[in-house]
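Descriptive structure summary
Chain by chain, the residues run as shown.
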Amino acid sequence: MRSLMTLAVTVAALSCVAAPVQAQEPLRATVNQGVIEPMPIAIKIDSAATNASGNLGTQISKVVMADLERSGFFRPIDPNAFIQSQLDVNVTPNFENWRTINAQALSNGMAFIDGQGRLQVDFRLWDVFSEKQLLGMSFTATPENYRRIAHKIADAIYEKLTGEEGYFDTRIVFVAESGGRSKRIKRLAIMDQDGANPSYLTDGSYKVMTPRFNADSQEITYMALRDDSARIYIFNIETGRQETVGQKGMVFAPRFSPDGTKLAYSVAQGGNTDIYVMDLRSRSTRRLTTESSIETSPSFSADGSTIVFTSDRGGSPQIYAMNADGSGIRRITFGGGSYSTPVYSPKGDLIAFTKQSSGRFSIGVMKADGSGERLLTSSYLEEGPTWAPNGRYIMFFREPPGGMPSLWTVDVTGRVERAVPYPGGASDPAWSPRLK
């Protein structure tokens, strides 16, 4: 597994500074409408002709284009349509050539290996119609980490043209599944958000479930299911060190608090399941629920003050909320069907959930008080929503009858739905924060 690299980012007005962007009519992709026309954008990162960078410019361009296309807000233009084949990052483009192919935005750049053997990519973003430069940036990394530079470029473009935080330079931890249904192997795995660079953190000798990231992206908590027990582990991605936490017995559904100092989880004892919270510094625990029912899947609000969870205390699985100390428990869903796996948006404004009704499963969102429920996608079986760090996209897993589960994303409007290109079976995804 590759380690997190230190990525040097220099935001600069590079040597050729274009005229300032006109503030009165900025180029902007509209993100708050249910139906939009994706913005046509041209991406062209070249490699230095007499340099060891090889075809890295082309590879970076492909990753940037794929990232932006999956967002649903951009339509990358086929490079075969480009009229201007040679671009210099230090020279203003011939905008008429790009208007001819209907590009509204253009990002061009140059990839080269510097004197220390590091990959450097200088890139610009242009408004084709106003003929203004919107961004000038430079990124450096080791050559094998060119994909991270590409994700950083896609984040910068997305942020500038939508006004929202990018989410491409992130990773997914998930359960990689293989084998037949009766002998299913479930390993802890991690990969880039676009399905690239998968690696496996456990050997498959025991089953893993519900992996979750800590706020700093360096640690994962997950449940290990063995023949005689279910235990919670905390796994350090960088060092490979892991330790058990929580009580003995059936302990499951762990999730970190937003500040990473606490861990909420469920404990099944004597036919009852309750929610506990552990202070990870002192290892002291506190029981938050005491009803003779099943309480599970706790999730902290963005500010850490509230926990939502699933409970069947009312006769069917519904979503409840309580203060982080266990007080003020209140039911927030009252619709038909069964609700499970609630998780707060990083913005704190929405809760994603799974709903089972009329023989189908759906992924939906509601406001933090339970109002405004909307179902985004529905199929035979889909579960486990997890939020992108910008609070606009949700990843989940979908399983067809008799088939293997796979990962999908959907945006909060339900309009943009994409399969995550991982070749094997995959379930229980968790989206990391933006990488440092």
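So, here is what we can say about the structure in this document.

Topic: the packing of helix 1 (residues 56–71) against helix 3 (residues 146–162)
Running from N to C, helix 1 and helix 3 cross one another at 45°; their axes reach a closest spacing of 8 Å. In terms of axis orientation, helix 1 runs oblique to helix 3. Here helix 1 runs over helix 3; the crossing is right-handed. Note on element contacts: helix 3 touches helix 1 through Tyr146, Arg147, Ala150, His151, Ile153, Ala154, Ile157 and Tyr158, opposite Leu56, Gln59, Ile60, Val63, Val64, Asp67, Leu68 and Ser71. When grouped by side-chain class, the residues that make up the contact of helix 1 with helix 3 number eleven nonpolar, three polar and two charged.

A word on the sheet that holds strand 26 (residues 382–387)
Two pairing modes exist for strands in a sheet, parallel and antiparallel, and in both the strands are linked by backbone hydrogen bonds. The sheet built from four strands is open, its strands ordered 26-27-28-29 with antiparallel pairing. Of all the strands in the sheet, the pair left with one neighbour each is strand 26 and strand 29 (417–419). Sheet twist, expressed as the mean angle between neighbouring strand axes with direction ignored, is 25°. Direction of pairing for strand 26 relative to strand 27 (residues 393–398): antiparallel, over a ladder of four bridges. Paired with Glu382 across the strands is Arg398, a residue of strand 27.

A closer look at the nonpolar core
In this structure, Ile60, Leu68, Ile157 and Leu161 are the most contacted members of the largest nonpolar core, which totals 51 residues. When residues of this core are assigned to their parent elements, the largest contribution, nine residues, is made by helix 3. For Ile157, the contacting residues outside a window of four places in its chain are Ile41, Ile43, Val64, Leu68, Ser107, Phe123, Leu125 and Leu135. Counting residues in hydrophobic clusters, the runner-up holds 15 residues, among them Leu188, Ile190, Ile220 and Tyr233.

Overview of the packing of aromatic side chains
Overall, the coordinates contain 14 aromatic pairs when judged by the stated rule. Taken together, a centroid distance of 4.3 Å and an interplanar angle of 35° make the contact between Tyr167 and Phe168 tilted. Their ring planes at 75° and their centres at 5.9 Å tell us that Tyr167 and Trp431 sit as a pair that is edge-to-face. A residue pair is termed long-range when its members are at least 10 positions apart, and Tyr167 in the loop between helix 3 and strand 7 (171–178) and Trp431 in strand 30 (residues 425–431) qualify at 264 residues. Considered together, Tyr167 and Trp431 belong to a single accessibility category, that of buried residues. An aromatic cluster is built from Phe73, Tyr158, Tyr167, Phe168, Tyr393 and Trp431, whose rings are joined through pairwise contacts. The ring of Tyr206 is capped by Arg226, whose NZ or CZ atom sits 4.1 Å from the centre of that ring.

Calculation rules
- Residues numbered from 1 in each chain as written.
- Predicted model: local features only at pLDDT ≥ 70, side-chain atom pairs only at ≥ 80, totals over all residues.
- Heavy atoms only, no water.
- Axes fitted to C-alpha atoms, helices over the stretch in contact; angles between N-to-C directions.
- Helix = DSSP H or I, 4+ residues; strand = E, 2+ residues; numbered from the N terminus.
- Parallel < 35°, antiparallel > 145°, perpendicular 65-115°, else oblique.
- Left-handed = near helix turned anticlockwise from the far one by under 90°.
- Contact = heavy atoms within 4.5 Å.
- Nonpolar A, V, L, I, M, F, W, Y, C, P; charged D, E, K, R; others polar.
- Pairing = 2+ DSSP bridges.
- Core = buried A, V, L, I, M, F, W, Y, C linked by side-chain atoms within 4.5 Å.
- Buried < 20%, exposed > 50% of the residue type's maximum accessible area, 1.4 Å probe, protein only.
- Phe/Tyr/Trp six-rings, centres within 6.5 Å; stacked < 30°, edge-to-face > 60°.
- Lys NZ or Arg CZ within 6 Å of the ring centre and 35° of its normal.

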